[in-house]
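Tertiary structure, described
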Amino acid sequence: MFTEFKKFIARGNVLDLAVGVIIGAAFGRIVTSLNESMIMPVIGWIFGDIDFSNWFVRLGEIPEGYEGSVTNYAQLKEAGVAMIGYGDFITQTVDFLIIALALFFILRTVNRVLDEMQEKQKQAADSSEEGDIPTDPQLDVLKQILAEMRGKPAQP
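Rules used throughout
Residues numbered from 1 in each chain as written. Predicted model: local features only at pLDDT ≥ 70, side-chain atom pairs only at ≥ 80, totals over all residues. Heavy atoms only, no water. Helix = DSSP H or I, 4+ residues; strand = E, 2+ residues; numbered from the N terminus. Buried < 20%, exposed > 50% of the residue type's maximum accessible area, 1.4 Å probe, protein only. Contact = heavy atoms within 4.5 Å. Areas by Shrake-Rupley, 256 points an atom, 1.4 Å probe, with all protein chains shown as cover. Phe/Tyr/Trp six-rings, centres within 6.5 Å; stacked < 30°, edge-to-face > 60°. Polar contact = N/O pair within 3.5 Å; in protein donor to acceptor, adjacent residues only side chain to side chain. Expected span 1.5 Å × (residues − 1). pLDDT = per-residue confidence, 0-100.

Helix and strand content of the protein: 5 helices and 2 strands. Of all 156 residues assigned to the protein, the portion counted as buried reaches 16%. The long-range share in the protein, meaning contacts at least 24 apart out of those at least 6 apart in sequence, stands at 38%. A total accessible area of about 12,500 Å² is found for the protein, and carbon and sulfur atoms account for 63% of it.

Written out as structure tokens, the structure reads:
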């Protein structure tokens with residue numbers, strides 16, 4: 001069983017996935033900070049100093065002896081009051097949209113670079129001789145085979 005586990009972990013895609021998850025978590029914290037510290041305050045300022053975190057609908061009764069603010073979502077939640085926190089939902093939706101937009105621009109840029117490299121690979125006779133494109137030995141061999149086949153007459 002340990003040998004199977006070692007084989008599983010040694011696969012490149014498992015390690016790539018682990019790295020992706022770690023980077024994604026760090027990126028998520030950066031976006032959350034950007035959203036909570038910079039974007040949402042500006043949105044709140046534009047709409048009249050609105051604090052989205054305290055937008056909620058209270059469903060349950062406030063417990064007896066509660067001494068906190070009746071308009072503070074975090075305090076009411078800690079006291080165990082049933083609520084729908086739609087302000088938090090708005091904040092999380094903006095977070096998601098920022099992450100989606102950032103990933104869109106990153107992937108768009110990466111795809112453009114990859115398309116340029118693939119076009120250069122197609123045009124190069126031997127990619128191992130070119131310094132600015134990745135070497136693809138399989139493509140080079142296929143190009144050589146094609147060139148040899150074109151040079152010989154077709155066999156019946």
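Having seen the model, we can carry on.
Attention now moves to the packing of aromatic side chains. Summed over the entire model, instances satisfying the criterion amount to 3 aromatic pairs. Look at Trp 55 and Tyr 86: their rings are 6.0 Å apart centre to centre, the planes differ by 50°, and that puts the pair in the tilted class. Highlighted residues: Trp 55 in the loop between helix H2 (12–46) and strand E1 (57–58) and Tyr 86 in helix H4 (residues 86–123), separated in sequence by 31 residues. The class of Trp 55 is partly exposed, set by a relative accessible area of 28%. The partly exposed category is assigned to Tyr 86, whose relative accessible area is 37%. Geometrically, the ring pair formed by Phe 56 and Tyr 73 is tilted, given 5.8 Å between the ring centres and 45° between the ring planes. Taken as a pair, Phe 56 in the loop between H2 and E1 and Tyr 73 in helix H3 (residues 73–78) lie far apart in primary sequence, 17 residues in all. A relative accessible area of 17% means that Phe 56 is categorised as buried.

It is worth spelling out the environment of Thr 32 at this point. With respect to the element layout, Thr 32 can be found in helix H2. Taking the C-alpha atoms as reference points, Thr 32 and Ile 98, 66 residues apart in sequence, are found 9.2 Å from one another. A distance of 2.8 Å separates a polar side-chain atom of Thr 32 from the backbone oxygen of Gly 28.

The terminal C-alpha atoms of H4 lie 55 Å apart, and with 38 residues this matches the ideal 56 Å at 1.5 Å per residue to within 8%. Residues Gly 87, Thr 91, Val 94, Asp 95, Ile 98 and Gln 121 constitute the buried set of H4.

All right, on to the confidence of the model for the protein then. For the protein, per-residue confidence averages 79 on the pLDDT scale, and residues scoring 70 or more make up 84% of the total. When mean pLDDT is compared element by element in the protein, strand E2 (residues 83–84) scores highest at 92, while helix H1 (residues 2–10) scores lowest at 75.

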